[in-house]
Amino acid sequence: MKLLSFEYQGRASFGLLRGEDDIVDLGGQGYADLRAALAANALPALARRAAALPASLKLAHVRLLPPVPHPEKIICVGVNYGNRNEEYKDGSAPPAYPSVFPRFPGSFVGHGQPLLRPPESEQLDYEGEIALVIGKRGRRIDAADAWSHVAGLTCANEGTVRDWLRHGKFNVTQGKNFDASGSMGPWMVTADAFDPDAPLTVTTRVNGEQRQHDTTANLMFPFAELIRYISIWTTLEPGDIISTGTPVGAGVRFDPPRFLKPGDVVEVEVPGIGILSNSVADDPAAIARGPAA
């Protein structure tokens, strides 16, 4: 089941995608948004109701939002593919624990919306990822039970402003949270559509050129271990997002680096979910102030 959040004629709602482009609007079914439906464990009931409802909207007529527009927490995982640790060429051993950092909801846009390069930097980069949407509250979750806490999966472009990552000695928060620097979507595919033991692939393309491609079989910390570890120190709530890491091939790793420019199109594809696509534009503030420094 594909669930999406959207705006139509100034109204925010959520719904079910039927076929390729028909949307069943679920906004009038007693839940303010998809996060509220997740918190109420209402997805099975909504699926049954949706079967009897007409598809009243077309995908092309709505503005897509991130699948969960206002999650309480977005937790991102860094350097999680084994060959990414080698990519740093620092001779370090594989880490004992995941590297994690927070992102704020305003740093993500939905499918089809522009990624904004800020006026403060010309180093906007892409990071294609698979993101988990939490569906059931939990603390200190056993790895064996982790999948039961997953509502669904979505694609993410965990866009990064590279030079701002180095402003802090011990954190990357600044470079990871510029408004509209990343994206998520186009929808959430419910967990029942996946075999939790089967590897997934993630591919990132820029202007049609493949830049990243890997399989979750190469994760140093698989999905279940991420949920176990993260839930030790914070309670995972319905609608929370865990973005699980990006493969090698980000723009900063090329010589010379290949950062995103206005007019570029970034696609993140995960079979079984779909393709998240966003163009790149200068932030309107950059246009007003002139070229980035």
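Residues numbered from 1 in each chain as written. Predicted model: local features only at pLDDT ≥ 70, side-chain atom pairs only at ≥ 80, totals over all residues. Heavy atoms only, no water.

Under an unreviewed UniProt entry, the protein has the name 2-hydroxyhepta-2,4-diene-1,7-dioate isomerase and belongs to Bordetella genomosp. 8. Per its UniProt entry, the protein bears the Cofactor (unreviewed entry) comment "Mg(2+)". Note on the protein: under the UniProt heading Sequence similarities (unreviewed entry), the record states "Belongs to the FAH family." (UniProt positions renumbered as here; feature names shortened; annotations may be inferred.)

### Focus on the overall build of the protein
In terms of regular secondary structure, the protein is built from six helices and 19 strands. In summary, the protein has a C-alpha radius of gyration of 19 Å against a globular reference of 19 Å for 293 residues, a match within 12%. With respect to the three principal axes, the spread of C-alpha positions in the protein is 55 × 45 × 30 Å. Each of the 293 residues in the protein was classed as buried or not, and the buried ones make up 52%. Looking at the protein alone, contacts between residues at least 24 apart form 75% of all its contacts between residues at least 6 apart. (Helix = DSSP H or I, 4+ residues; strand = E, 2+ residues; numbered from the N terminus. Rg over C-alpha atoms; globule rule 2.2 N^0.38 Å. Buried < 20%, exposed > 50% of the residue type's maximum accessible area, 1.4 Å probe, protein only. Contact = heavy atoms within 4.5 Å.)

### A closer look at the pairing of strand 14 (residues 182-190)
Consecutive side chains along a regular strand alternate between the two faces of the sheet. Burial analysis of strand 14 places nine of its nine residues in the buried class, the great majority of the element. Looking at chain direction, strand 8 (residues 108-109) and strand 14 are connected through two bridges and run parallel. Counterpart to Phe108 in the pairing with strand 14 is Gly182. (Pairing = 2+ DSSP bridges.)

### Structural notes on a nonpolar patch on the surface
Taken together, the side chains of Val100, Ile232 and Trp233 present a nonpolar region at the surface, about 240 Å² in accessible area. Secondary-structure assignment places Trp233 in helix 5 (residues 223-233). For Trp233, a relative accessible area of 43% puts it in the partly exposed group. (Patch = residues over 30% accessible without salt bridge, like charges linked within 9 Å, V, L, I, M, F, W, Y side chains within 5 Å. Areas by Shrake-Rupley, 256 points an atom, 1.4 Å probe, with all protein chains shown as cover. Salt bridge = Lys/Arg side-chain N within 4 Å of Asp/Glu carboxyl O.)

### Quick word on the domain arrangement of the protein
One can read the domain layout of the protein as domain 1 (2-64) and domain 2 (74-286). Each of domain 1 and domain 2 has a C-alpha centre, and these two points are 25 Å apart. On the side of domain 2, 15 residues touch domain 1, which itself brings eleven residues to the contact. For the pair domain 1 and domain 2, the summed buried area comes to about 1,000 Å², and 69% of that belongs to carbon and sulfur atoms. Its largest share of buried area at the contact with domain 2, domain 1 owes to Lys2, Leu38 and Leu64, together 53% of the area lost on that side. (Domains from an automatic or database assignment. Buried area = accessible area lost by both parts, 1.4 Å probe.)

### Observations regarding the side chain of Thr160
Relative to the elements of secondary structure, Thr160 occurs in strand 13 (residues 160-161). Within polar-contact distance, the side chain of Thr160 engages the side chain of Glu127 at 3.3 Å. There is a polar contact of 2.8 Å between the side chain of Thr160 and the side chain of Lys176. Not counting the four nearest positions on each side in its chain, Thr160 is found in contact with Gln123, Leu124, Asp125, Glu127, Leu165, Gly175 and Lys176. (Polar contact = N/O pair within 3.5 Å; in protein donor to acceptor, adjacent residues only side chain to side chain.)

### Focus: the environment of Gly152
Within the secondary structure, Gly152 is located in strand 12 (residues 150-157). By relative accessible area, which is 0% here, Gly152 ends up buried. Spatially, the C-alpha atoms of Gly152 and Gln210 are 26 Å apart, while their sequence positions differ by 58 residues. Apart from residues lying up to four places away in sequence, Gly152 is in contact with Ala131, Leu132, Val133, Met188, Val189, Thr190 and Ala191.

### Describing the packing of aromatic side chains
Taken as a whole and judged by the stated rule, the model has two aromatic pairs. With centroids separated by 5.1 Å and ring planes inclined at 90°, the aromatic side chains of Trp164 and Phe178 adopt a geometry described as edge-to-face. Taken together, the residues span a long stretch of sequence, with Trp164 in helix 4 (residues 162-165) and Phe178 in the loop between helix 4 and strand 14 at a distance of 14 residues. Taking relative accessible area as the criterion, Trp164 reaches 24% and is therefore assigned partly exposed. Just above the ring of Phe108 sits the side chain of Arg103; from NZ or CZ to the centre is 4.5 Å. Stacked on the ring of Phe254, the Lys or Arg Arg258 has its end atom at 4.9 Å from the ring centre. (Phe/Tyr/Trp six-rings, centres within 6.5 Å; stacked < 30°, edge-to-face > 60°. Lys NZ or Arg CZ within 6 Å of the ring centre and 35° of its normal.)

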